[in-house]
Amino acid sequence: MKKRILFLVFFAISLKLFAVQKIHFSVDDVITCFENLTRNEKKYGSAFDEPFFAYIKSLHEKYDAKVSLYCFYEKEGFSLAECTERFSDDFKASSDWLKFGFHAERPEKGNIFDKRGGVQNVYEPNRTNNRNFKLHNTNGTA
């Protein structure tokens, strides 16, 4: 009888542990939402008023999803250097589920590596909250 009870307790605990579902997804080529945030910073009260960020936040709230966004540094007419800093506290407060990482300098260019194997002028490890980065259309230099 004791063995049966111990087995049932172990089984119940195991079910509870394995029943936890976790969702993580990543999105590549992210930059337009930052341009939208910057152009509409007076309109938005929060970063999550911007439609793309609102959608991923809804996925986090509904499914406890963790999200990684891999960003371009620039696109025609906009770069992250121009991005508003008004919403930085929103992103810091969400850093347990929302991560940013480097993807490529720009859509049509890809990455340039220097002779030491580093990404030139586009990847700054201390300025991202994601230790990983995805490379896009990569070129090496001799």
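Here's a quick rundown of the structure. (Residues numbered from 1 in each chain as written. Predicted model: local features only at pLDDT ≥ 70, side-chain atom pairs only at ≥ 80, totals over all residues. Heavy atoms only, no water.)

**As for unusual backbone geometry**
One non-glycine residue, Asp29, lies in positive phi territory at about 65°. Take Asp29: it is sitting in strand β1 (residues 24-30). (Helix = DSSP H or I, 4+ residues; strand = E, 2+ residues; numbered from the N terminus.)

**A few points about the packing of aromatic side chains**
According to the stated counting rule, one finds 9 aromatic pairs in the structure shown. Considering the side-chain rings of Phe48 and Phe53, the 6.5 Å spacing of their centres and the 85° angle between planes classify their relative orientation as edge-to-face. Taking relative accessible area as the criterion, Phe48 reaches 11% and is therefore assigned buried. Look at Phe53 and you get buried, because its relative accessible area is 0%. Feature note: the residues Phe34, Phe48, Phe52, Phe53, Phe91, Trp97 and Phe100 constitute an aromatic cluster, connected by ring pairs. (Phe/Tyr/Trp six-rings, centres within 6.5 Å; stacked < 30°, edge-to-face > 60°. Buried < 20%, exposed > 50% of the residue type's maximum accessible area, 1.4 Å probe, protein only.)

**Considerations on the state of the cysteines**
In total, this model carries 0 disulfides according to the counting rule given. This cysteine, Cys83, is not joined by any disulfide, and Cys33 carries the nearest cysteine sulfur, 8.5 Å off. (Disulfide = S-S within 2.5 Å.)

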